[in-house]
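The lines below spell out each chain.
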Amino acid sequence: MTQPRRTNPLSPLVQAAPAMPAVALFLIGPGAGLVERSGVPLAVVVVAGAVLGYAVFVGVAWLAWWRRTFWIDADGDLRLDSGLLQRSARRLQLSRLQSVDIVSPFVARLAGLVEVRVEVAGAGDSRILLRYLARAEADELRGHILELARREGEAESAQPDGGGLADPPGPAEVLAAVPARRLLAGLLLRSATAGLLVATVLLLVVTAFTQGPAGILLALVTGGLPILSVVTEFLANYGFRIARVPEGLRIQRGLLSTQSRTIPPDRVHALSIISPLLWRRWDWVRVSVTIAGVEGDDVRPDVLIPVAPRAQALRLIAEVLPDVDVDALAFVSAPAPARWRSPLAWRLLACAITPQVIATRSGRLTRRTSLAPHARVQSVRVTQGPWERSLGLASLHADVAPGPVSLTGRHLAEGQVRPLAQEETDLMRRARLLR
Amino acid sequence: MDPAADAFAPPAAGWTPVSSRLATARRITLALAFVVVAAVGVVLAWTPLPRGWLIGYAVAALSVLVWAWWIIGRRVRSFGFAERDDDLLVVSGVLIRRLVIVPYGRMQMVDLRAGPLDRRLGIATVQLHTAAATTDAAIPGLLPADAAALRDRLAARGEERTSGL
């Protein structure tokens, strides 16, 4: 339980920051006519207008800040009262906590502030954003909320073996970090990016010889898209660090705005180990994950590690999927006729079912091994197109929650698919009963 | 091919088929779409287009109509479902065949749908939803009473299995 308090008093200054460029842009653009008529030099008006506009917005934001308080009440709920004229009171049940995250947008970081996002399970209004708190205060609040959530969760399920509480809240143990150079090299050598960059160079060479302007335009697209994606991914994943904390795995990343997200291991629904062709000489892989969560959550993590040596990635996977040995999966491979359906990748197409997980493998240029624990698979599908039918093949799909990972055992022998589907269904049912 | 190798073989209790009224419903929709195609043909007849083109158009349109008419019948006959002790199986498709297995414990919601034409003809669709968006388990062409009963049975079984967690 805590006393109602306000967010950091510097918050209005940060919140109003976008007003400055907005006002300046208005005066330069649509408002330029007004400025000309007044006869005052444009630069003076723009600076004065931006400062004045900023002051007004700071004033409004300050009033809102004054009227906004948050606290943890006697029931262990997080409460937020806010609103200048229209008051709103929001209440989150911490026993249903999904995540507490600390994000620091660029401007806030200049002021040494961070944003705390608290989310609980449920549809609609199921989150509270606290803008902004000082770093230390945010860390303390997060620890407090996680502690409360764990205690309440345990009281509700009344498990004999408490587990979490007994863990010492020792310092986070860093499991992996991605050096900036490896990140950049990895991003440049992703199959699609590398392909587009090579195409751009070729286009430029061809254009230089033929002097056709169309080639330049095309090169802008083929070169611009991958560069844009490399830059955004680099900014987002710069300084990527993943550490073990009592609540799960904490991911910190970002250059312009840093992000800190915690993945509770039991919310990982599926993951993919992805290795593009050009990464294989260093044995690097990327691991993407599907995390169950609230809909419309834009910053839900989808990457466990953006680029790492395979051995390190496998150690991370062992954190979220214990007892699964990725290298010892007994795959059922696609039969020889699959070469007529998928001439490049057919040797790699395979599916494996172990007591813990279902796994599928695919891809030639970019190899992809996907895994999902049986308890997380929602349904099983078998499909067969006309071409597959004529070759005696069929595909097996394991449906999981929406996210970057999908599990499809493509072009397997028709005779094997139904028994595999049946085995998976049985394991799914038992896996659920155990929980 | 030996029956064991058929990935879409029926379970022990066999498939429950859906009503042939579904074929009627889909053929009515097809016929309505064809009114538009025929109207285009009439408009074309007024333009100074060579006769040959017009005949080609008519032949193509008619063969598509005949083929679609026939495939609708096959597709409706391809639908089948089976309620087993722990899961529901739905099979469908002629060109691309599909089989979905949904354990009762994974169902989050069971929908009953019927459009205006469906209601006229007395059929309804039962659709299952799980936490995965890709689960594609819909059983169209059920008689309304059967559909309601199926929905209730599935919902009850789903609750039974989920509450046992």
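Residues numbered from 1 in each chain as written. Chains lettered and ligands numbered in written order. Predicted model: local features only at pLDDT ≥ 70, side-chain atom pairs only at ≥ 80, totals over all residues. Heavy atoms only, no water.

Asks: Provide a residue-level description of the overall build of chain B, including the pertinent values.
Replies: Helix and strand counts for chain B stand at four helices and seven strands. Each helix and strand of chain B, ordered N terminal to C terminal, gives the series β-α-α-β-β-β-β-α-β-β-α. Computed over C-alpha atoms, the radius of gyration of chain B comes to 21 Å, more than 25% over the 15 Å expected from 2.2 N^0.38 for 165 residues, which places it beyond the range of a compact globule. Along the longest, intermediate and shortest principal axes, the C-alpha atoms of chain B span 75 × 40 × 25 Å. Contacts spanning at least 24 positions in sequence make up 52% of the contacts within chain B whose residues lie at least 6 apart. With the model as given, the accessible surface of chain B reaches about 9200 Å², and the carbon-plus-sulfur share is 65%. (Helix = DSSP H or I, 4+ residues; strand = E, 2+ residues; numbered from the N terminus. Rg over C-alpha atoms; globule rule 2.2 N^0.38 Å. Contact = heavy atoms within 4.5 Å. Areas by Shrake-Rupley, 256 points an atom, 1.4 Å probe, with all protein chains shown as cover.)

Asks: Describe the packing of aromatic side chains, and please don't skip the residues or the numbers.
Replies: Residue and element names in this part refer to chain A. Per the counting criterion, the structure on display carries six aromatic pairs over all chains. Geometrically, the ring pair formed by Trp-65 and Trp-66 is tilted, given 6.2 Å between the ring centres and 50 degrees between the ring planes. You can call Trp-65 buried: its relative accessible area is 8%. Judged by its relative accessible area of 43%, Trp-66 is partly exposed. An aromatic cluster of three or more residues is present, and its members are Trp-62, Trp-65 and Trp-66. (Phe/Tyr/Trp six-rings, centres within 6.5 Å; stacked < 30°, edge-to-face > 60°. Buried < 20%, exposed > 50% of the residue type's maximum accessible area, 1.4 Å probe, protein only.)

Asks: Explain the domain arrangement of chain B residue by residue, including any values.
Replies: Residue and element names in this part refer to chain B. Taken domain by domain, chain B comprises domain 1 (21–75) and domain 2 (80–163). Distance from the C-alpha centre of domain 1 to the C-alpha centre of domain 2: 33 Å. Listed per partner, the contact involves 10 residues of domain 1 and 12 residues of domain 2. Across the interface of domain 1 and domain 2, roughly 880 Å² is buried in total on both sides, 74% from carbon and sulfur atoms. Of all residues in domain 1, Arg-21, Leu-22 and Arg-75 bury the most surface against domain 2, accounting for 55% of the area lost on that side. Applying the counting rule to domain 1 against domain 2 returns zero salt bridges. Along the contact surface separating domain 1 from domain 2 lie two residue pairs in polar contact (both at pLDDT 80 or more). Mapped onto the side of domain 1 that touches domain 2, the elements with two or more residues apiece are helix H1 (21–46) and helix H2 (51–78). (Domains from an automatic or database assignment. Buried area = accessible area lost by both parts, 1.4 Å probe. Salt bridge = Lys/Arg side-chain N within 4 Å of Asp/Glu carboxyl O. Polar contact = N/O pair within 3.5 Å; in protein donor to acceptor, adjacent residues only side chain to side chain.)

Asks: Lay out the interface of chain A and chain B with the relevant residues and their values.
Replies: On the chain B side, the residues contacting the 28 residues of chain A number 30 residues. Between chain A and chain B we count one salt bridge in total. For the salt bridge of A:Arg429 with B:Asp86, the shortest nitrogen-to-oxygen distance reads 3.5 Å. At the junction of chain A and chain B, the tally comes to 14 residue pairs in polar contact (both at pLDDT 80 or more). Breaking the side of chain A that touches chain B down by element, the ones donating at least two residues are strand S18 (379–384), helix H12 (386–391), strand S19 (393–399) and helix H13 (414–434) of chain A. A class-by-class count of the residues in the side of chain A that touches chain B yields 11 nonpolar, nine polar and eight charged. Two strands pair when backbone bridges link them, and S18(A) and strand S4 (residues 97–103) of chain B are joined in this way by five bridges, in the antiparallel orientation. In the sheet register, A:Gln384 faces S4(B), and the bridge partner there is B:Arg97. (Nonpolar A, V, L, I, M, F, W, Y, C, P; charged D, E, K, R; others polar. Pairing = 2+ DSSP bridges.)

Asks: Residues and numbers for a positive patch on the surface, please.
Replies: Residue and element names in this part refer to chain A. A cluster of like positive charges, contributed by Arg-339, Arg-347, Arg-364 and Arg-367, occupies part of the molecular surface. Of note, Arg-367 is situated in strand S17 (residues 366–373). On the accessibility criterion, Arg-367 (31% relative accessible area) is partly exposed. (Patch = residues over 30% accessible without salt bridge, like charges linked within 9 Å, V, L, I, M, F, W, Y side chains within 5 Å. Lys, Arg positive; Asp, Glu negative; His and termini not counted. Charge placed at Lys NZ, Arg CZ, Asp CG, Glu CD.)

Asks: Residue-level account of the side chain of B:Asp118, with values.
Replies: Turning to its location among the elements, B:Asp118 is positioned in helix H3 (residues 116–121). With no salt bridge to any partner, buried B:Asp118 finds its closest opposite charge in B:Arg113, at an N-O distance of 7.1 Å.

Asks: A description of the packing of helix H2 (residues 19–28) of chain A against helix H4 (residues 42–66) of chain A should follow, citing residues and the corresponding values.
Replies: Each packed pair of helices is defined by two parameters, the angle between the axes and the distance between the axes. Residues and elements named next belong to chain A. Direction vectors running N to C along H2 and H4 enclose 140 degrees, while the axes themselves pass 8 Å from each other. In this structure, H2 meets H4 at a crossing whose hand is right-handed. Packed against H2, whose contacting residues are Ala-19, Met-20, Val-23, Ala-24, Leu-27 and Ile-28, the element H4 presents Leu-42, Val-45, Val-46, Gly-49, Ala-50, Gly-53, Tyr-54 and Phe-57 at the interface. Across the contact of H2 with H4, the residue classes tally to 12 nonpolar, two polar and no charged. (Axes fitted to C-alpha atoms, helices over the stretch in contact; angles between N-to-C directions. Left-handed = near helix turned anticlockwise from the far one by under 90°.)

Asks: Describe the domain arrangement of chain A, and please don't skip the residues or the numbers.
Replies: Residues and elements named next belong to chain A. Taken domain by domain, chain A comprises domain 1 (11–166), domain 2 (180–320) and domain 3 (326–434). The straight-line distance from the C-alpha centre of domain 2 to that of domain 3 is 25 Å. Listed as interface residues are 21 residues of domain 2 and, on the opposing side, 20 residues of domain 3. Together, the buried faces of domain 2 and domain 3 total about 1600 Å²; carbon and sulfur atoms form 51% of this surface. Measuring nitrogen to oxygen at the nearest pair gives 2.5 Å for the salt bridge that ties Asp-327 to Arg-310. Counting across the interface, domain 2 meets domain 3 through 10 residue pairs in polar contact (both at pLDDT 80 or more). Elements supplying a minimum of two residues to the side of domain 2 that touches domain 3: strand S11 (268–276), strand S12 (284–291) and helix H10 (310–320).

Asks: I'd love a proper account of the packing of H1(B) against H2(B), names of residues and values included.
Replies: All names here are of chain B. Close contact between H1 and H2 brings their axes to 10 Å; oriented N to C, the two are set at 175 degrees. One element, H1, and the other, H2, form an angle in the roughly antiparallel class. Along its contact with H1, which presents Leu-22, Ala-23, Arg-26, Arg-27, Leu-30, Phe-34, Val-37, Val-40, Gly-41, Leu-44 and Ala-45, the element H2 presents Leu-54, Tyr-57, Ala-61, Leu-65, Ala-68, Trp-69, Ile-72, Gly-73, Arg-75 and Val-76. For the contact of H1 with H2, the class distribution of residues is 16 nonpolar, two polar and three charged. (Parallel < 35°, antiparallel > 145°, perpendicular 65-115°, else oblique.)

Asks: Describe in detail the sheet that holds strand S6 (residues 124–129) of chain B, supporting the description with residues and values.
Replies: All names here are of chain B. Pairing within the open sheet is antiparallel, and its three strands lie in the order S5-S6-S7. Two strands lie at the open edges of the sheet, namely strand S5 (109–113) and strand S7 (137–142), each paired on one side alone. Averaged over all neighbouring strand pairs, the angle between strand axes comes to 15 degrees, with direction disregarded. Pairing of S5 with S6, which is carried by five bridges, proceeds in the antiparallel orientation. Paired with Leu-112 across the strands is Val-126, a residue of S6.

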